[in-house]
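So you can see what is in the structure, the chains are spelled out below.
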Amino acid sequence: DTYGMLLRRGVPMEQKPFQLGVRIEQPQAPIDRLRYGASAGHPALGAAEYSASVRAGDRDLFTFCMCAGGYVMPSVSDPGYFCTNGMSESRHDSPFANSGLVVTIEPGETGGSHPLSGVHYQQRVERLAYLAAGRSYEAPLQWARDFLAGRKSRGKIPTSYRRGGQGIELGLFLPEVVVDALVLGLPMMDRRFGGRFLRDATLTGPESRGSSPVRIIREAESRQSPGIAGLYPCGEGAGYAGGIISAAVDGLRTARAIVGRYANAL
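This one's a predicted model, so the numbers in the text were calculated from it and none came from an experiment.

Participant: Quick question: what am I supposed to make of the packing of aromatic side chains here?
Facilitator: Scanning the model with the defined rule gives 6 aromatic pairs in all. Geometrically, the ring pair formed by Phe 82 and Tyr 161 is edge-to-face, given 5.8 Å between the ring centres and 80° between the ring planes. Note that Phe 82 is positioned in the loop between β5 (70-74) and β6 (84-88) and Tyr 161 in the loop between α4 (144-149) and β9 (165-167), a separation of 79 residues in sequence. No difference in accessibility class separates Phe 82 from Tyr 161, as the two residues are buried. Each ring, one from Phe 193 and one from Phe 197, has its centre 4.6 Å from the other, and the planes form 20°; the classification is stacked. Judged by relative accessible area, Phe 193 falls into the buried class, the value being 17%. Phe 197 sits in the buried class, given a relative accessible area of 0%.

Spelled out as structure tokens, the structure:
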């Protein structure tokens, strides 16, 4: 893969914390009612968003990249693996709401000290998810209530994932630390939403590409990779951002460093 190629060419890298978990999905209408009350459905309001964070044991369990009126999407980069992400179209008019629901995995928890140990950790989870769903690229799905009860979901499970899904026990492929945080944290989130957060919620997984598990080392002032002139690691893939806005800001700062370096040569 790209990281491996760069590492073989002497580009210095290190492990970094990254996020891993599931996508939680609910019908959008109940979320609108939770947020807007009697005004839910008014065309001027649009689809409602939410965010939540709780302390689940020794970890923070939190939502991110909430997609109001959106879709659960595949985020697969290699054959034989499965992972998810989310998106909304400009009108936010899907009947579903979904959000990443994740915990942070620290470098010491990936099972090795190699710079790419976190990448391999991700790959193991994504490979198991692909196998659990019968090598079909369908989404592994579980009602949130069934997940908390430790039972497999039966029958047809509603989802915005366009390839469809299968009822799978997500604990078959999610790391124990993620399962434990979800078991502790989901009921707390539900209480904060008046018992309506999990009523019709499903879980899809894994959500494993929210942030990079590796950082390409760069010099603070020049923003170049040490000893490799002209290589400017920046943004999410290089391990310096965790979303669209932070990636854009990091890229802007790198562009300014490049302009500053060559300004006198023009």
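There is more to say after this.
Participant: Before we go on, may I ask you to explain a nonpolar patch on the surface in this structure?
Facilitator: A surface patch of nonpolar side chains, about 330 Å² in accessible area, is lined by Ile 244, Ile 245 and Val 249. For Val 249, the position within the fold is in helix α6 (residues 244-262).

Participant: Would you mind showing me how to read the pattern of salt bridges here?
Facilitator: Opposite charge on two side chains lets them pair, provided their charged atoms get close. Counted according to the given criterion, the structure contains 11 salt bridges. With a shortest N-O distance of 2.2 Å, Arg 59 and Glu 109 are connected by a salt bridge. On the criterion of sequence distance, the pair formed by Arg 59 in strand β4 (residues 59-67) and Glu 109 in the loop between β7 (96-105) and α3 (117-132) is long-range, its members being 50 residues apart. Glu 109 gets classed as partly exposed once you look at its relative accessible area, which sits at 32%. Arg 91 is paired through a salt bridge with Asp 93; the nearest N and O atoms lie 3.5 Å apart. Of the residues examined, Arg 91 reaches a relative accessible area of 66% and is grouped as exposed. Each of the salt bridges in this network shares a partner with another, and the network as a whole consists of Asp 58, Arg 59 and Glu 109.

Participant: Honestly, the sheet that holds strand β10 (residues 202-207) in this entry has me stumped. Any pointers?
Facilitator: One open sheet holds the 7 strands; their spatial order is β3-β4-β7-β2-β10-β8-β9, and the pairing between them is mixed. The two strands at the open ends of the sheet, each matched to only one other strand, are β3 (53-56) and β9. Here the strands of the sheet are splayed against their neighbours by 30° on average, with no regard to which way each runs. With 3 bridges connecting them, strand β8 (residues 139-143) and β9 associate as parallel partners. Each bridged residue has a counterpart across the sheet, and for Leu 141 the counterpart in β9 is Gly 167. Contacts from helix α2 (residues 28-36) reach β2 (18-27) and β7, with the element oriented near 90° to β2. Sheet contacts for helix α5 (residues 176-192): β2, β3, β4, β7 and β10; angle to β3, the most-contacted strand, approximately 130°.

Participant: It is not clear to me how the layout of surface pockets should be interpreted in this structure. Could you clarify?
Facilitator: Empty pockets left among the atoms are what a rolling probe the size of a water molecule brings to light. In this model, the largest pocket occupies a volume close to 370 Å³. Tyr 3, Ser 77, Gln 122, Arg 209 and Pro 213 are, among the 16 residues lining the largest pocket, the residues nearest its centre. At the level of secondary structure, the elements contributing two or more residues to the lining of the largest pocket comprise α1 (2-8) and α3. Ranked by residue count, the leading element in the lining of the largest pocket is α3, at 4 residues. In terms of residue class, the lining of the largest pocket is built from 4 nonpolar, 7 polar and 5 charged. Looking at the second largest pocket, its volume works out to about 170 Å³. In this structure, the second largest pocket is lined by Phe 64, Cys 65, Asn 85, Arg 209, Gly 210, Glu 236, Gly 242, Gly 243 and Ile 244.

Participant: Explain the nonpolar core here, please?
Facilitator: Most often, soluble globular proteins have nonpolar side chains that are buried together. Counting residues in hydrophobic clusters, the biggest one holds 45 residues, and the most contacted among them are Ile 24, Leu 174 and Leu 182. Of the residues forming this core, the biggest block, 6 residues, is contributed by α5. In this structure, Val 11, Met 13, Leu 116 and Ala 238 belong to the second largest nonpolar core, which totals 9 residues.

Participant: What is the right way to look at empty space enclosed by the protein in this model?
Facilitator: Throughout the structure, instances matching the rule amount to 1 cavity of 30 Å³ or more. Considering the residues around the largest cavity, the lining is formed by Glu 25, Gln 26, Pro 27, Phe 96, Pro 158, Asp 200 and Thr 202. Looking at which element gives the most residues to the lining of the largest cavity, the answer is β2, with 3 residues. Split into classes, the residues belonging to the lining of the largest cavity amount to 3 nonpolar, 2 polar and 2 charged.

Reading guide: rules and limits
- Residues numbered from 1 in each chain as written.
- Predicted model: local features only at pLDDT ≥ 70, side-chain atom pairs only at ≥ 80, totals over all residues.
- Heavy atoms only, no water.
- Phe/Tyr/Trp six-rings, centres within 6.5 Å; stacked < 30°, edge-to-face > 60°.
- Helix = DSSP H or I, 4+ residues; strand = E, 2+ residues; numbered from the N terminus.
- Buried < 20%, exposed > 50% of the residue type's maximum accessible area, 1.4 Å probe, protein only.
- Patch = residues over 30% accessible without salt bridge, like charges linked within 9 Å, V, L, I, M, F, W, Y side chains within 5 Å.
- Areas by Shrake-Rupley, 256 points an atom, 1.4 Å probe, with all protein chains shown as cover.
- Salt bridge = Lys/Arg side-chain N within 4 Å of Asp/Glu carboxyl O.
- Pairing = 2+ DSSP bridges.
- Axes fitted to C-alpha atoms, helices over the stretch in contact; angles between N-to-C directions.
- Contact = heavy atoms within 4.5 Å.
- 1 Å grid on protein atoms, 1.4 Å probe; cavity = no way out; pocket = protein on both sides within 12 Å on 5 of 7 lines; lining within 4 Å.
- Points joined across faces, edges and corners; volume = space filled by probe spheres on them.
- Nonpolar A, V, L, I, M, F, W, Y, C, P; charged D, E, K, R; others polar.
- Core = buried A, V, L, I, M, F, W, Y, C linked by side-chain atoms within 4.5 Å.

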